[in-house]
Amino acid sequence: MHDAPARDCGRADVFCEPRKDYTLRHNTDRILVSHAGNLPRPADLNKLLAARDEPGIRSRLPTAVQEIVERQMASGVDIVNDGEYVKAGSYTGYMQERVTGWEALPIDPGVPRKRAAVAERDRRQFPGFYESGLWMQGSGGPIRPGFFTPGAPKPATTERVCTGPVKYTAQAQIRSDLEIFKNALQGKAAEGFVAALGPLSLGAGSRNTYYPSEEAYMTAVAEAVREEYRAIAAAGFTVQVDEPEFLTSWMFYPDWSIDEYRRYLEFCVQIINHSLDGVPTDQVRFHSCWGSGHRPHVNDIELRHVVDLLLKIDAQAYTIEAGNVRHEHEWRVWQNVNWPDGKILMPGVISHATDLVEHPDLVAERLVNYAGIVGKENVQAGTDCGIGSRVGHEEVVWAKLEAMAEGARRASERLWG
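Just so it is clear, the model here is predicted, and its values are computed rather than measured.

Participant: Give me the packing of helix α1 (residues 43-50) against helix α2 (residues 54-74): which residues, what numbers.
Facilitator: Remark: α1 packs on α2, axes separated minimally by 10 Å, with the N-to-C direction vectors making an angle of 155°. The angle between α1 and α2 places the two elements in the roughly antiparallel class. In the packing of α1 onto α2, the handedness of the crossing is left-handed. Residues Asp-44, Leu-45, Leu-48 and Leu-49 of α1 lie in contact with α2, whose contacting residues are Gly-56, Ile-57, Arg-60 and Ala-64. In the contact of α1 with α2, the residues fall into five nonpolar, one polar and two charged.

Written out as structure tokens, the structure is:
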């Protein structure tokens, strides 16, 4: 991000034409490095979050964001974020607090559930593993805050139901979040991105009893999250739409065929693109993955079945899981794709699925493979998913990011000389 300020329209709920020098840039003489979002939080901020000390949290956030920006840059990251600290450690909960329209209601056993609650395709094949609860441990390391202890999870007693108009209400909050991040970047050479929840992750899993149809309901959800996307873009940052459900929803509908799932994804593309209306494409990065749960992933939808639909999303860059052992081979899928002009691919070249730190030469090899397909100007280094709470210790997080930066440097030497 450059030092010049973005145009300020004075309101977060009104779209402002952003400065064009904030658009996503391609590589010129080296591979740029970023990541998917979530990063380790300082211990004192975690304590404030656990205590729900709102004044303390707001007081600590500016310095915490400043520290995480500097730590990312010191680790070799070029395109940084705020660590997702403003989300208070909740992937979906933070956005649920910023919208209206849903209630938590007791589950009526007489009403069919909208979809499976877990990765049902894997659960059917590995029932003992799911009964153990081990799938809820993240990367499989020690039990850590944010993950459940072993043992079968207790059945849910409530469900989230749309019972009224879906509206975004956090205009003041997002302005504050963006101002904190902008101040942390002031005078620094790094560029900034902000991850925001996708419309599918916010609304697709909840029953609708208010709107006349699923299309009307999800359109309203898209228009709600759009307000946050527009505010981020207007502040001069890249918007990263976090939407794992583009790929993971395959697990929630275990009896669908691939053709049925593709028809559903056609609808999802329309909803996601509606959420991006008015947001410049060259400020949008779309992230999807197969979910961060520590499970077999044997039944993940294969990328080859949906990659054409992924590229219909109105984004400049696509960041996708590519570093773990279930999906690493899928770099070859892109050999059969007509890569669109001007687009950027950010494959995950380090993974949240293991505490093993990838060797820089492996990272370089992965990046060179992708560069040979989409072009060295169009491939950037990323992580499979946010790794701040998904590997065993924050020391491992920073070792992985440093290995990624070094691998990108080595790949750049091979590609540019």
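Further notes follow.
Participant: Tell me what's going on with the packing of aromatic side chains, and back it up with residues and numbers.
Facilitator: In this description, an aromatic ring pair is defined by two values, namely the gap between the centres and the angle between the planes. Tallied over the entire structure, the rule returns 13 aromatic pairs. Seen from their ring centres, Trp-250 and Tyr-261 are 5.4 Å apart, and the 65° between their planes marks the pair as edge-to-face. With Trp-250 in helix α9 (residues 245-252) and Tyr-261 in helix α10 (residues 258-275), the pair connects residues that are 11 residues apart, well separated along the chain. Across the pair, Tyr-261 and Trp-250 agree in class, each one buried. Arg-160 extends its terminal NZ or CZ atom over the ring of Trp-102, reaching a point 4.0 Å from the ring centre.

Participant: Lay out helix α12 (residues 360-374) in plain terms, naming residues and giving numbers.
Facilitator: The end-to-end C-alpha distance of α12 is 21 Å, a good match for the 21 Å that 15 residues give at a rise of 1.5 Å each. Among all positions of α12, only Pro-360, Val-363, Ala-364, Arg-366, Leu-367, Val-368, Tyr-370, Ala-371 and Val-374 are buried. At the C-terminal side of α12, Gly-375 shows a positive phi close to 100°.

Participant: Can you lay out the sheet that holds strand β5 (residues 207-208) for me, pointing to particular residues and giving the numbers?
Facilitator: On the basis of which strands lie adjacent, the open sheet formed by three strands has the order β2-β3-β5 and mixed pairing. Each edge of the open sheet is held by one strand with a lone partner, namely β2 (99-106) and β5. In this sheet, β5 lies alongside strand β3 (residues 158-168) in parallel orientation, the contact comprising two bridges. Within the sheet, the bridge partner assigned to Cys-162 lies in β5 and is Asn-208. Helix α8 (residues 214-234) rests against β2, β3 and β5 of the sheet, and its axis sits at about 65° to β3.

Participant: Outline helix α6 (residues 171-185), listing residues and values.
Facilitator: Between its first and last C-alpha atoms α6 spans 21 Å; for 15 residues at 1.5 Å apiece the expected length is 21 Å, and the two agree. Structurally, α6 contributes buried residues whose contacts are with α2, β1 (79-80), β3, β4 (191-197) and α8. Two residues or fewer after α6 comes Gly-187, characterised by a positive phi angle close to 80°.

Participant: An account of the pattern of salt bridges is requested, with residue identities and associated values reported.
Facilitator: Enumeration over the complete set of coordinates arrives at 28 salt bridges. With its nearest N and O atoms 2.9 Å apart, the salt bridge here joins Glu-302 to Arg-304. Relative accessible area serves as the criterion here: at 34%, Glu-302 is assigned to the partly exposed category. Residue Asp-361 is joined to Arg-410 by a salt bridge in which the shortest nitrogen-to-oxygen separation is 2.8 Å. You can see Asp-361 sitting in helix α12 and its partner Arg-410 sitting in helix α13 (residues 394-416), a full 49 residues away along the chain. Each of the salt bridges in this network shares a partner with another, and the network as a whole consists of Asp-361, Glu-406, Arg-409, Arg-410 and Glu-413.

Participant: Talk me through the packing of α2 against α6; I want residue IDs and the actual numbers.
Facilitator: α6 packs onto α2 with a crossing angle of 40° between their chain directions and a minimal axis gap of 8 Å. Taken together, the axis directions place α2 and α6 in an arrangement best described as oblique. For α2 against α6, the interelement crossing comes out right-handed. Side by side, α2 and α6 meet where Arg-58, Leu-61, Pro-62, Val-65, Gln-66 and Val-69 of the first sit next to Gln-173, Ser-176, Asp-177, Ile-180, Phe-181, Asn-183, Ala-184 and Leu-185 of the second. Tallied by class, residues from the contact of α2 with α6 come to eight nonpolar, four polar and two charged.

Procedures and definitions
Residues numbered from 1 in each chain as written. Predicted model: local features only at pLDDT ≥ 70, side-chain atom pairs only at ≥ 80, totals over all residues. Heavy atoms only, no water. Axes fitted to C-alpha atoms, helices over the stretch in contact; angles between N-to-C directions. Helix = DSSP H or I, 4+ residues; strand = E, 2+ residues; numbered from the N terminus. Parallel < 35°, antiparallel > 145°, perpendicular 65-115°, else oblique. Left-handed = near helix turned anticlockwise from the far one by under 90°. Contact = heavy atoms within 4.5 Å. Nonpolar A, V, L, I, M, F, W, Y, C, P; charged D, E, K, R; others polar. Phe/Tyr/Trp six-rings, centres within 6.5 Å; stacked < 30°, edge-to-face > 60°. Buried < 20%, exposed > 50% of the residue type's maximum accessible area, 1.4 Å probe, protein only. Lys NZ or Arg CZ within 6 Å of the ring centre and 35° of its normal. Expected span 1.5 Å × (residues − 1). Pairing = 2+ DSSP bridges. Salt bridge = Lys/Arg side-chain N within 4 Å of Asp/Glu carboxyl O.

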